[in-house]
Amino acid sequence: MDIGKKLCERRRELGLSQTELAKALKVYGVNVTNQAVSKWENGSTLPSALQFLMLCRALRISDIAGEFMPEGEGFLSGLNAAGRRKATEYIQLLRDSGKYSLSPEPVKYSRSLPLYSLAVSAGTGQFLDSEHYDMTEVGPEVPDSANFGVRVAGDSMEPRFHNGQTVWVSQQHSLMTGEIGIFLYDGCAYLKQLAAKGEHLVLHSLNPEYSDIVISPELPLRVLGKVIA
């Protein structure tokens with residue numbers, strides 16, 4: 001089929017003048033005059049490859065092979081106008097679903113972890129060892145090794161941890177000195193750093209305004225887990 005004739009027919013089907021088509025092409029980065037459009041349509045000149053592709057876009061020609069190649073070579077060949085429209089609509093549905101995109105959106109990863117309603121005290125200590133918690137959905141920002149979360153109360157672990165902040169904990173029963181964890185000691189729960197001072201272990205506060213809690217060998221110290229996020 002004559003390319004110029006087909007372009008002209010399609011332009012007229014859409015009710016566009018040559019000037020209006022030239023303006024539409026500018027939206028796609030093709031700066032031409034209505035005279036250029038006229039020359040394409042009468043066969044005096046041919047559009048470049050880029051100009052041709054943008055012409056098809058402006059004229060809403062999706063099956064380029066079917067429109068400009070011999071019968072039977074387009075992916076919509078053999079379909080009437082209604083069939084072509086339905087096929088085009090289905091293609092758009094596939095695009096909108098996002099399932100068949102060349103760059104599919106990443107799968108949103110989430111899981112639920114217990115978040116204790118009783119705050120871990122970073123100041124005076126509060127009892128954590130209870131079943132009073134809410135299951136909270138978390139995303140990939142929380143490490144896979146986290147088993148539960150607790151809310152901080154107080155300012156003894158500032159500047160790293162703040163009042164009201166949620167920290168995520170990997171449940172384990174021992175820590176190395178220097179690591180920060182959740183501890184039960186003398187009936188209270190603490191967010192502290194385990195440290196060695198002389199011959200004693202202490203629960204160390206990062207805020208220098210707070211004194212260390214010296215661990216007595218007569219009172220059991222229970223490690224609930226290591227703070228990881």
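Treat the numbers as computed from the prediction; the structure is a model and nothing was measured.

Novice: Even after reading the chapter, I still don't get helix H4 (residues 49-58), so can you show me in this structure?
Specialist: Since the α-helix advances by 3.6 residues per turn, residues separated by three or four positions end up pointing in the same direction. Along H4, the positions that sit buried rather than exposed are Phe52, Met54, Leu55, Cys56 and Ala58. If you follow the buried residues of H4, they end up packed against helix H1 (3-13), helix H2 (18-27), helix H3 (34-42) and helix H5 (64-68). Immediately downstream of H4, the backbone of arginine 60 shows phi near 60°, a positive value.

Novice: Hey, could you run me through the layout of surface pockets in this one?
Specialist: Leftover empty space is mapped by rolling, across the atoms, a probe with the size of a water molecule. Space inside the largest pocket adds up to approximately 240 Å³. Taken together, 13 residues make up the lining of the largest pocket; nearest its centre are Arg10, Arg60, Ile61, Ser62 and Glu67. Every element with two or more residues in the lining of the largest pocket is listed here: H1 and helix H6 (81-97). Examining the composition of the lining of the largest pocket, we find that four residues originate from one element, H6, more than from any other. Across the lining of the largest pocket, the residue classes tally to three nonpolar, two polar and eight charged.

Novice: Can you help me understand the nonpolar core in this one?
Specialist: Within soluble globular proteins, side chains that are nonpolar generally end up buried alongside one another. Counting 17 residues, the largest nonpolar core has Leu21, Leu25, Val32, Trp40, Leu55 and Phe68 as its most contacted members. Put simply, the parts of the chain that give this core at least two residues each are H2, H3 and H4. For this core, the element with the most residues is H4, which contributes five residues. What valine 32 contacts, discounting residues up to four positions off in sequence, is Ala22, Leu25, Lys26, Trp40 and Gln51. Listed in part, the 15 residues of the second largest apolar core include Tyr116, Phe148, Phe161 and Val167.

Novice: Help me understand the environment of asparagine 31, please; the structure alone is not making it clear to me.
Specialist: Summarising the element assignment, asparagine 31 is placed in the loop between H2 and H3. Each C-alpha atom, one on asparagine 31 and one on glutamine 51, is 9.3 Å from the other, the two residues being 20 residues apart in sequence.

Novice: Explanation requested: the pattern of salt bridges in the structure shown.
Specialist: Where side chains of opposite charge bring their charged atoms close, a pairing between them can arise. Applying the stated criterion to the full structure yields five salt bridges. Of the charged contacts in the structure, one is a salt bridge between glutamate 179 and lysine 226, with a shortest N-O distance of 3.0 Å. Here glutamate 179 is found in the loop between strand S4 (166-171) and strand S5 (180-185), whereas its partner lysine 226 is found in strand S9 (residues 221-227), with 47 residues between them in sequence.

Novice: Looking at this model, I keep getting lost on the packing of aromatic side chains. Mind explaining?
Specialist: To describe a pair of aromatic rings, you give the distance between the ring centres and the angle between the ring planes. Tallied over the full model, the rule gives two aromatic pairs. Here tyrosine 116 and phenylalanine 148 contribute two aromatic rings whose centre-to-centre distance is 5.6 Å and whose plane-to-plane angle is 85°, an arrangement assigned as edge-to-face. With tyrosine 116 in strand S1 (residues 111-121) and phenylalanine 148 in strand S3 (residues 148-153), this residue pair connects regions lying 32 residues apart in the sequence. The exposure classification of tyrosine 116 matches that of phenylalanine 148, with both residues buried.

About the thresholds
Along each chain, numbering runs from 1 in the same order as the chain's sequence is written. With the structure being a predicted model, the display of local features is reserved for residues of pLDDT at least 70 and the display and counting of side-chain atom pairs for 80 or more, all residues being used for whole-chain, interface and lining totals. The side-chain numbers reported here are obtained from all heavy atoms of the structure, hydrogens and water having been left aside. Think of it in three bands: with a 1.4 Å probe and only protein chains considered, a residue is buried below 20% of the maximum accessible area for its type, exposed above 50%, and partly exposed in between. The way it works is that DSSP assigns letters per residue, a run of H or I at least four long becomes a helix, a run of E at least two long becomes a strand, and they are numbered from the N terminus. Contacts between residues were defined by any pair of non-hydrogen atoms, one from each residue, lying within 4.5 Å. Space inside and on the surface of the protein is sampled on a 1 Å grid over the protein atoms alone, with a cavity defined as a set of points where a 1.4 Å probe fits but cannot get out and a pocket as an open set with protein on both sides within 12 Å along at least 5 of 7 lines; lining residues have an atom within 4 Å of a point. Grid points are joined across faces, edges and corners, and a volume is the space filled by probe spheres set on the points. Note on residue categories: nonpolar means Ala, Val, Leu, Ile, Met, Phe, Trp, Tyr, Cys or Pro, charged means Asp, Glu, Lys or Arg, and polar means any other residue, Gly included. We call a set of buried Ala, Val, Leu, Ile, Met, Phe, Trp, Tyr and Cys residues a nonpolar core when their side-chain atoms join them within 4.5 Å. The salt bridge definition used is simple: a Lys or Arg side-chain nitrogen within 4 Å of an Asp or Glu carboxyl oxygen. Aromatic rings from Phe, Tyr and Trp, taking only the six-membered ring of Trp, are treated as a pair when their centres fall within 6.5 Å; an angle between ring planes under 30 degrees marks them as stacked, one over 60 as edge-to-face, and anything in between as tilted.

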